[in-house]
Amino acid sequence: QTFFKSILNAAPPSPTKRHTKISVIGVGNVGMAIAQTILTQDLVDELALVDAKSNKLRGEMLDLQHAAAFLPRTKINASIDYSVTSGSDLCIITAGARQNPGESRLNLLQRNVALFKSIVPPLVKYSPETTLLVVSNPVDVLTYVAWKLSGFPANRVIGSGTNLDSSRFRFLIADHLDVNAQDVQAYIVGEHGDSSVALWSGISVGGVPVLSFLERQQIALEKETLEKIHQEVVHSAYEVISLKGYTSWAIGYSVANLARTILRDQRRIHPVSVLAKGFYGIDGGDVFLSLPAQLGRSGVLGVTNVHLTDEEIEQLRTSANTILEVQSQLGI
Ligand SMILES: NC(=O)c1ccc[n+]([C@@H]2O[C@H](COP(=O)([O-])OP(=O)(O)OC[C@H]3O[C@@H](n4cnc5c(N)ncnc54)[C@H](O)[C@@H]3O)[C@@H](O)[C@H]2O)c1
Ligand SMILES: O=C1N[C@](c2ccsc2)(c2cccc(Nc3ccc(F)cc3)n2)CC(O)=C1Sc1ccccc1Cl
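Predicted model only: the values in this text are computed from it and were never measured. (Residues numbered from 1 in each chain as written. Chains lettered and ligands numbered in written order. Predicted model: local features only at pLDDT ≥ 70, side-chain atom pairs only at ≥ 80, totals over all residues. Heavy atoms only, no water.)

Caption draft 1: Geometry of the overall build of the protein chain. Counting its regular elements, the protein chain contains nine helices and 14 strands. Expected size for 332 residues packed as a compact globule is a radius of gyration near 20 Å; at 21 Å, the protein chain falls within 12% of this value. Taking the principal axes of its C-alpha atoms as reference, the protein chain extends roughly 75 × 50 × 40 Å. For the protein chain, restricting intrachain contacts to residue pairs at least 6 apart in sequence, the fraction spanning at least 24 positions comes to 70%. (Helix = DSSP H or I, 4+ residues; strand = E, 2+ residues; numbered from the N terminus. Rg over C-alpha atoms; globule rule 2.2 N^0.38 Å. Contact = heavy atoms within 4.5 Å.)

So, in structure tokens, the structure goes:
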């Protein structure tokens, strides 16, 4: 006798419900925070995990599976064999070597490029129609590396870029103004990390440009206050690292938010790392930088032509030239 009497002639599953699948490569602090958020938010039918450490991989898979009683039903697989990623709609790459004490960023980059040469080709082999979402650092250069190694059109290779920078920026502005961060629209663009560019003109609260909002609320928020908030975005990254040794929750939620927009074809605009050649006079070569981009099931649907001041454009071009110089030494 089966455990329960099956319903004879049960209707087949709805043909219109398309099976969705995400693969996460790298099950470290970042990869597992992303995986956990994807499960909690019921974003996919299937989640595949890949890492180089098989014991850690199996341990993380089992630990997630044991939460099944509290989560929407999602098939969770894990393997060091990339065939487990077959048919992925989205492949999120968080695999990366840790920066050794005193190691130069270029040396770290060269180690991560070597990793990508072993990661990207099998992902492409098993999911030729997937979109690649790169999180590993240095994220703008590694997104370029993933694009070159994949042979994909640029719309299907995205870097998380300044998505985390912008979410920290929104939190800090919201905290300063005592409003909900979901009602704060604010973009940081350009190079992820220390050299990012905050777009002051684009900051709005509930659709009201921040400057006029402040006049109505009689809150003084001069330019230097905004600059201090941008500096705090950078400082807070170092503070979190000094306090807990890594970052996970904010990057986990911000990348899962990108996955939701892509998988559900939301056509929302996010600050992410895209092929920026041709925008704002960036024409020295193929370089990925963050710009507000519309995302959907096919990846990047378009890049907004947001107004930038001459100073902001100059900062983008400087970042582009720095990145192009680093890329020229990679031999890719
Ligand atoms: N873009 C951003 O905003 C942002 C924010 C935070 C962290 N990061 C970056 O994300 C990356 C991961 O950070 P983390 O804290 O999770 O690091 P971590 O060391 O905890 O995890 C990295 C994982 O990658 C795995 N790995 C290494 N080589 C591999 C390979 N060849 N194939 C598959 N997996 C492999 C390791 O086994 C490890 O589990 C780092 O590069 C970090 O700088 C980026
Ligand atoms: O929140 C972080 N944590 C990291 C981190 C996570 C685990 S170990 C280090 C971080 C924190 C601080 C600095 C820093 N620098 C860095 C630059 C290039 C690399 F290739 C690797 C690391 N990285 C990785 C990272 O990119 C972030 S966001 C971040 C970093 C610096 C400035 C502004 C922001 Cl919004």
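Still more to cover.
Caption draft 2: Region of interest: unusual backbone geometry. The omega torsion of the bond from Asn 137 to Pro 138 falls at -5°, within 30 degrees of zero and hence cis. As for its position among the elements, Pro 138 is in the loop between β5 (131-134) and α4 (139-150). A positive phi is found at Asp 265, a non-glycine position, where the angle reads about 50°. Mapped onto the secondary structure, Asp 265 falls in the loop between α8 (249-263) and β12 (268-275). When its relative accessible area of 32% is taken as the criterion, Asp 265 is described as partly exposed. (Buried < 20%, exposed > 50% of the residue type's maximum accessible area, 1.4 Å probe, protein only.)

Caption draft 3: Broad picture of the site of ligand 2. Around ligand 2 sit 16 residues in total, of which Asn 137, Pro 138, Arg 168, His 192 and Thr 247 are the nearest. Between Arg 168 and ligand 2, the recorded distance is 3.0 Å, taken from a side-chain N or O atom to an oxygen atom. Taking Thr 247, its side chain carries an N or O atom lying 3.2 Å from a nitrogen atom of ligand 2. Coverage of ligand 2 by the protein amounts to 83% of the 660 Å² it exposes when considered alone. At the level of elements, α3 (105-126), α5 (163-177) and α7 (223-244) are the ones that each hand at least two residues to the shell around ligand 2. The leading source of residues in the shell around ligand 2 is α7, at four residues. Residue composition of the shell around ligand 2, by class: seven nonpolar, five polar and four charged. (Near = heavy atom within 4 Å. Polar contact = N/O pair within 3.5 Å; in protein donor to acceptor, adjacent residues only side chain to side chain. Areas by Shrake-Rupley, 256 points an atom, 1.4 Å probe, with all protein chains shown as cover. Nonpolar A, V, L, I, M, F, W, Y, C, P; charged D, E, K, R; others polar.)

Caption draft 4: Quick peek at the pattern of salt bridges. In this structure the tally under the stated criterion is seven salt bridges. Arg 297 is paired through a salt bridge with Asp 89; the nearest N and O atoms lie 3.6 Å apart. On the criterion of sequence distance, the pair formed by Arg 297 in the loop between β13 (288-296) and β14 (299-303) and Asp 89 in the loop between β3 (75-78) and β4 (90-93) is long-range, its members being 208 residues apart. Between Arg 111 and Glu 103 there is a salt bridge, with its nearest N and O atoms 2.9 Å apart. Since its relative accessible area comes to 11%, Glu 103 is described here as buried. Through salt bridges with shared partners, a single ionic network connects Arg 18, Asp 89 and Arg 297. (Salt bridge = Lys/Arg side-chain N within 4 Å of Asp/Glu carboxyl O.)

Caption draft 5: Structural context of the nonpolar core. Judged by nonpolar contacts, the single largest core of 78 residues is most densely connected at Ile 22 and Ile 92. With 16 residues, the next largest nonpolar core counts Ala 174, Ile 188, Ile 203 and Val 233 among its residues. (Core = buried A, V, L, I, M, F, W, Y, C linked by side-chain atoms within 4.5 Å.)

Caption draft 6: Examining the site of ligand 1 more closely. Taken together, 24 residues lie near ligand 1, and Asn 29, Val 30, Asp 51, Val 135 and Asn 137 sit nearest. Between a nitrogen atom of ligand 1 and a main-chain N or O atom of Ala 52, the distance comes to 3.5 Å. One of the backbone nitrogen or oxygen atoms of Val 135 is found 3.1 Å away from a nitrogen atom of ligand 1. When ligand 1 sits alone it has 870 Å² of accessible area, and the protein chains cover 85% of it. Of all the elements in the fold, those that place two or more residues in the shell around ligand 1 are α1 (29-40) and α3. Residue classes in the shell around ligand 1 are distributed as ten nonpolar, eleven polar and three charged.

Caption draft 7: Focus on the confidence of the model for the protein chain. Of all residues in the protein chain, 92% have pLDDT values of 70 or greater, and the mean over the chain is 93. We note a pTM of 0.95 for the whole complex and an ipTM of 0.99 for its interfaces. (pLDDT = per-residue confidence, 0-100.)

Caption draft 8: Structural detail: the side chain of Asp 51. Its location among the elements puts Asp 51 in the loop between β2 (46-50) and α2 (54-65). For the buried residue Asp 51, which engages in no salt bridge, the nearest side chain bearing the opposite charge is Lys 53, 5.7 Å off. Side-chain polar atoms of Asp 51 contact the backbone nitrogen of Lys 53, separated by 3.0 Å. For Asp 51, the contacting residues outside a window of four places in its chain are Gly 26, Val 27, Gly 28, Leu 57, Ser 79 and Ile 80. (Lys, Arg positive; Asp, Glu negative; His and termini not counted.)

Caption draft 9: Here's a closer look at α2. Given a rise of 1.5 Å per residue, twelve residues ought to cover 16 Å, and the 16 Å separating the end C-alpha atoms of α2 matches this to within 8%. For α2, the full list of buried residues reads Leu 57, Glu 60, Met 61 and Leu 64. Projected down its long axis, α2 carries its buried residues within an arc of 100°, all on one side. Residues Asn 55, Arg 58 and Asp 63 are exposed on α2 and point more than 90 degrees away from its buried face. (Expected span 1.5 Å × (residues − 1). Arc of directions from axis to C-beta.)

Caption draft 10: Main features of α1. For α1, spanning twelve residues, the distance from its first C-alpha to its last is 17 Å, which sits close to the expected 16 Å at 1.5 Å a residue. All of the buried residues in α1 are Gly 31, Met 32, Ala 33, Ile 34, Ala 35, Thr 37, Ile 38 and Leu 39. Looking one or two residues past α1, Asp 42 carries a phi angle of roughly 55°, positive in sign.

Caption draft 11: Broad picture of the sheet that holds strand β10 (residues 204-205). In spatial order, the strands read β7-β10-β11; together these three strands make up an open sheet with antiparallel pairing. Only two strands of the sheet have a single neighbouring strand rather than two, namely β7 (184-185) and β11 (208-209). The pairing of β7 with β10 spans two bridges and is classified as antiparallel. What sits directly across from Gln 185, in β10, is Ser 204. (Pairing = 2+ DSSP bridges.)

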